Amino acid sequence: MSARPSKAPPIPPHPGLDVREDEVAWNGRFPVQRVRFTYRRFDGARSPELVWELWRRGGAVALLPYDPWTDRICLIEQFRLPALAAGFEPVMTECVAGLLEPGEDPADCARRETVEEAGLEADQLEAIGHYMLMQGGCDEHIHLYCGRVRLPETVAATHGLAAEGEDIRTLLLPAEEGFARLDGGAIRNATAALCLFWLRQNRARLREAWT
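Before going into details, it helps to say that this report is about the structure given with it.

Calculation criteria
- Position numbers for residues start from 1 in each chain and track the written sequence from start to end.
- Whole-chain, interface and lining totals are the exception, using all residues; otherwise, since this is a predicted model, local features are given only for residues with pLDDT of at least 70 and side-chain atom pairs are given and counted only at 80 or more.
- Only heavy atoms go into the side-chain values, all of them from the structure, while hydrogens and water stay out.
- Put simply, DSSP H or I for four residues or longer makes a helix, DSSP E for two residues or longer makes a strand, and each gets a number counted from the N terminus.
- Using a 1.4 Å probe on the protein chains alone, a residue whose accessible area is under 20% of its type maximum counts as buried, one over 50% counts as exposed, and one in between counts as partly exposed.
- Any two residues whose heavy atoms approach within 4.5 Å are treated as being in contact.
- Residue burial considers only the protein chains on display, and all accessible areas are found by Shrake-Rupley using a 1.4 Å probe.
- In this tally Asp and Glu are treated as negative and Lys and Arg as positive; neither His nor the chain ends contributes.
- A charged residue contributes its charge at one atom only: NZ of Lys, CZ of Arg, CG of Asp or CD of Glu.
- Here the aromatic set is Phe, Tyr and Trp, taking the six-membered ring for Trp, and pairing holds for ring centres within 6.5 Å; pairs whose planes are under 30 degrees apart are stacked, those over 60 apart are edge-to-face, and all others are tilted.
- The criterion is that NZ of a Lys, or CZ of an Arg, lies within 6 Å of the ring centre and within 35 degrees of the ring normal, and then a charge sits over that ring.
- Here, a strand pair is defined by DSSP locating no fewer than two bridges between the strands.
- Geometry is summarised by axes, namely lines fitted to C-alpha atoms with helices restricted to the contacting stretch, and by angles between N-to-C directions that run from 0 to 180 degrees.

**A short note on the overall build of the protein chain**
Within the protein chain, the regular secondary structure consists of 4 helices and 11 strands. Judged by the C-alpha coordinates and their principal axes, the protein chain covers about 60 × 40 × 35 Å. Buried residues in the protein chain amount to 40% of all 211 residues. Counting contacts in the protein chain only where the partners sit at least 6 residues apart, residues at least 24 apart contribute 53% of the total. Summed over its atoms, the accessible surface of the protein chain is roughly 11,900 Å², and 54% of this surface lies on carbon and sulfur atoms. If the 24 positive side-chain charges of the protein chain are averaged to one point and the 32 negative ones to another, these points end up 4 Å apart.

Here it is, written out as structure tokens:
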């Protein structure tokens, strides 16, 4: 029998939860577990037996680079096959982001991804929040940050790790244009939208604190 993959540990105990079966149905880059369980409902009764597939992706980070001196932001664009499958335009406008390595500090990961995906160094970070992304079927959770950077007039056209097949285009925008894209529906992913909403609320404070 093969060992259970480290990315798919058994479901932890929880009051009222009865896990009756927990197996790894797929052991690819991101494993899928099939879990048979019941739980205690809000009225105290036992739920019917449920079978859920759980996609294990783990922790992630995203960072919105912000230059408070010029009041500009950096977003990125890249091809996303799942977006196309969902009926969206496959070239998504996003924040720099990536998955946490085992034991990696989220802030360190955010800085690393900012260099890899945008060629920028963030010297100060402010946490935006820590959120679930797809709580109905995936364990992925993400740490969101805003990072202080000094944006040049232009940056290299593309970035990303060749070993991972990344082809990432940077987009330097005045903050107001980023907000306009958000309001106009051009930002179609939740992480970038959350970061832009947060920056709009905290922009004046950051400009005072970070300059």
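**As for the packing of aromatic side chains**
Under the defined criterion, the tally for this structure stands at 2 aromatic pairs. Ring centres of F30 and W55 lie 6.2 Å apart, and the angle between their planes is 85°; this geometry places the pair in the edge-to-face category. One end of the pair, F30, is in the loop between strand 1 (18-26) and strand 2 (32-38); the other, W55, is in strand 3 (residues 50-55), with 25 residues separating them in the sequence. Looking at W55, the relative accessible area reads 32%, which means it is partly exposed. The lysine or arginine in question, R57, covers the ring of F30, its NZ or CZ lying 4.6 Å from the ring centre.

**Overview of the sheet that holds strand 3**
Strands in a sheet are paired, the pairing made by backbone hydrogen bonds, and the direction either parallel or antiparallel. Across the sheet, 3 strands lie side by side as 1-2-3; this open sheet has antiparallel pairing. The sheet is open, and its two borders are formed by strand 1 and strand 3, each paired with just one other strand. For this sheet the average axis-to-axis angle between neighbouring strands, irrespective of direction, equals 20°. Looking at chain direction, strand 1 and strand 2 are connected through 7 bridges and run antiparallel. In the sheet register, D18 faces strand 2, and the bridge partner there is T38.

Everything listed here is a matter of geometry and, on its own, says nothing about what the molecule does.
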